[in-house]
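Residue-level structure breakdown
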Amino acid sequence: MEDVDEGILSDVIYEALKTAFGHKEFKTKLQKDAVFAIVRGGKDVFVSMPTGAGKSLCYQLPAIMAEGITMVVSPLIALMQDQMDHLAARAIPAETINSKMTETDRKRVLADLYSETPLTKLLYITPEQAATETFKNLAQSLVEREKLNYFVIDEAHCVSQWGHDFRPDYLKLGFMRVKLIPKVPCIALTATANKQVIEDIFLQLKLKKPLKFKSSCFRTNIYYEVTMKQLIRDPYTDLFDYIKQCLGGTLPENPKKVSDWYGCGIVYNRTKDGCEEVAHRLCQKNIPAKAYHAGLKTGDRLKVQTDWMEGKVPVIVATVSFGMGVDKANVRFVAHWTMPQSMAGYYQESGRAGRDGKQSYCRLYYSREERDKVAFLINADLKRPKKDLAAAKMRSKATMDGFNNFVEYCEKPKCRHWTITDYFGDEKPDCQKNCDVCKYPKRVVEDLKNLVSGSFGKTRISKDTGEVDVDLYGGGRRGLKKYV
Ligand SMILES: Nc1ncnc2c1ncn2[C@@H]1O[C@H](COP(=O)(O)OP(=O)(O)OP(=O)(O)O)[C@@H](O)[C@H]1O
């Protein structure tokens, strides 16, 4: 659509936005700019927006406007299914080819894709599927028939050796693209990429001078805080009170009538047993909660997720296996009962709060005991023998950096929003006291002092960095030591 008059193009895009997705406006100017650039075509595009900002629409709208097919590489079958359900609800024909589908379905999808006028608009595949002969032949055929419009890589941080969800199969996509579909524009999207990850995405996918659409990862409507678990007398009571506060302040008289609750929430836990334990204790306190983890049978796990999605149970207590692709608007809080392994992981998990733009809350329960446990687990994992040593070394460094950065988030009295935006290479945000450090600086510093025993140096607030400089470790050692 390179030569189309801009006014006409704009009318067509807005019309499609309304008829296909039911939206009158773009969510943000960045979403609009990205859509317009992708529709104009001819260029690779990189989109980095916070969770819930509406990245999917950036490629789905151009995909339905174009005459051919858009291929979307997505990391998980569940994630694809979720996207396809959303599209099906809007009567947009989307299909997948994956290892779990029946032979009949597979034949049906392929027959459509090889037909003269395929009905499919979006085809979702995993990176593993993209590496198969079936897929290579299909891609070649679509290119020859000029039916492939865009090649989309969702959750593009998975491509990067430095990304927290690194998947080696993603590395093949760059070669495949150059060899098979060199002229098809590539659209890479992510929510969690710092400078290093972005550079690696460009390199691995061999993007050609991509147009960049990046917004700050600053989530204005989330209150971030860290609670020192070892300093509170009764952590469970603290969690109950927190949840009650986030979900409307008072307990409904009939706790089974969930419509009384103001929204819902997630409690993340590192272990299956931990999830069961917390869910059990919440139920004892009349807070309906269910555990979600890999130890449950598929059907049970699905039921827990559906109950939570439909608002039948306001609190889900889950391991990190829960959440990717979950698009629920009214998540009022995300509490971490244990510690994630990296800043990028925490940003993604906590970012499930407040997708509707309303004020929401994220609290991490932190203790040094937990920090040491996670450090031990990471160390053990890094020591396991690896096939590709060079890649493993790079990964180790990324993992260590990610963890140490996150320890700093917990242990440095610096604006939480600023720490996050700093990590992702974004500008200093205007926090507006929407974090504990900015709202209660004295209390945070006191807590940090109490976190460790030893002598403390003077407390000084730096004008340049916003950090409260305090000798937390005693013995004159300043700053944080590295743990992994
Ligand atoms: N222009 C728009 N107007 C109103 N709502 C929109 C618009 N674009 C997207 N949305 C809605 O915003 C929500 C978040 O969109 P989406 O799931 O694409 O976010 P995302 O950036 O992909 O998030 P994540 O990184 O968590 O996957 C969805 O409910 C979607 O329907």
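Identification of the protein as ATP-dependent DNA helicase from Lottia gigantea is taken from an unreviewed UniProt entry. If you open the UniProt record of the protein and go to Subcellular location (unreviewed entry), you find "Nucleus, Nucleoplasm". According to the UniProt record, the Cofactor (unreviewed entry) comment for the protein reads "Zn(2+)".

Here the focus is helix α1 (residues 6–21). When the terminal C-alpha atoms of α1 are compared, their 22 Å separation across 16 residues agrees well with the 22 Å that a helix rising 1.5 Å per residue should span. Turning to α1, its buried residues are Leu9, Ile13, Ala16, Leu17, Ala20 and Phe21. Projected down its long axis, α1 carries its buried residues within an arc of 105°, all on one side. The exposed residues of α1 that point more than 90 degrees off its buried face are Asp11 and Thr19. On the buried face of α1, the contacting elements are α2 (29–40), α3 (55–65) and α4 (77–89). Two residues or fewer after α1 comes glycine 22, characterised by a positive phi angle close to 75°.

Once that is clear, we can look at the domain arrangement of the protein. According to the domain assignment, the protein contains domain 1 (6–214) and domain 2 (222–478). The distance between the C-alpha centroids of domain 1 and domain 2 comes to 31 Å. The interface of domain 1 with domain 2 comprises 23 residues on the first partner and 18 residues on the second. Carbon and sulfur atoms supply 58% of the area that domain 1 and domain 2 bury against each other, a total of about 1,800 Å² over both sides.

Turning our attention to the sheet that holds strand β12 (residues 331–336). Pairing is parallel across the open sheet formed by six strands, whose spatial order is β8-β13-β12-β9-β11-β10. Because the sheet does not close on itself, it has two edges, and the strands there are β8 (222–228) and β10 (289–292). Averaged over all neighbouring strand pairs, the angle between strand axes comes to 15°, with direction disregarded. Strand direction decides the pairing type here: strand β9 (residues 264–268) and β12, joined by five bridges, are parallel. Each residue of the ladder has a partner; that of tyrosine 268, found in β12, is histidine 336. Of the strands in this sheet, β8, β9, β12 and β13 (360–366) touch helix α13 (residues 343–350), which is tilted by about 150° from β12.

The next point concerns the sheet that holds strand β5 (residues 148–153). Ordered in space as β3-β4-β2-β5-β6-β1-β7, the seven strands form an open sheet in which the pairing is parallel. Edge positions in the sheet fall to β3 (94–96) and β7 (211–214), since each of these pairs with one other strand and no more. Strand after strand, the sheet turns through a mean of 20° between neighbouring axes, direction not considered. Each of β1 (45–48), β5, β6 (186–190) and β7 is contacted by α2, which is oriented at about 160° to β7, the strand it contacts most. Docked against the sheet, helix α7 (residues 133–144) engages β2 (69–73), β4 (122–125) and β5, running at close to 150° with respect to β2.

Further remarks concern the packing of α1 against α2. Remark: α1 packs on α2, axes separated minimally by 11 Å, with the N-to-C direction vectors making an angle of 110°. Relative to α2, α1 is oriented roughly perpendicular. Seen along the crossing, α1 lies across α2 with a hand that is right-handed. In contact with Glu6, Leu9, Ser10, Ile13 and Tyr14 of α1, α2 contributes Lys32, Val35, Phe36, Val39 and Arg40. Residues belonging to the contact of α1 with α2 are distributed by class as follows: six nonpolar, one polar and three charged.

What follows deals with the UniProt feature "domain: Helicase ATP-binding" (unreviewed entry) in the protein. If you check UniProt for "domain: Helicase ATP-binding" (unreviewed entry), the listed places come out as residues 36–211 in our numbering. Secondary structure content for residues 36–211 is 44% helix and 16% strand, and the end C-alpha separation is 11 Å.

What counts as what
Residues numbered from 1 in each chain as written. Predicted model: local features only at pLDDT ≥ 70, side-chain atom pairs only at ≥ 80, totals over all residues. Heavy atoms only, no water. UniProt positions renumbered as here; feature names shortened; annotations may be inferred. Helix = DSSP H or I, 4+ residues; strand = E, 2+ residues; numbered from the N terminus. Expected span 1.5 Å × (residues − 1). Buried < 20%, exposed > 50% of the residue type's maximum accessible area, 1.4 Å probe, protein only. Arc of directions from axis to C-beta. Contact = heavy atoms within 4.5 Å. Domains from an automatic or database assignment. Buried area = accessible area lost by both parts, 1.4 Å probe. Pairing = 2+ DSSP bridges. Axes fitted to C-alpha atoms, helices over the stretch in contact; angles between N-to-C directions. Parallel < 35°, antiparallel > 145°, perpendicular 65-115°, else oblique. Left-handed = near helix turned anticlockwise from the far one by under 90°. Nonpolar A, V, L, I, M, F, W, Y, C, P; charged D, E, K, R; others polar.

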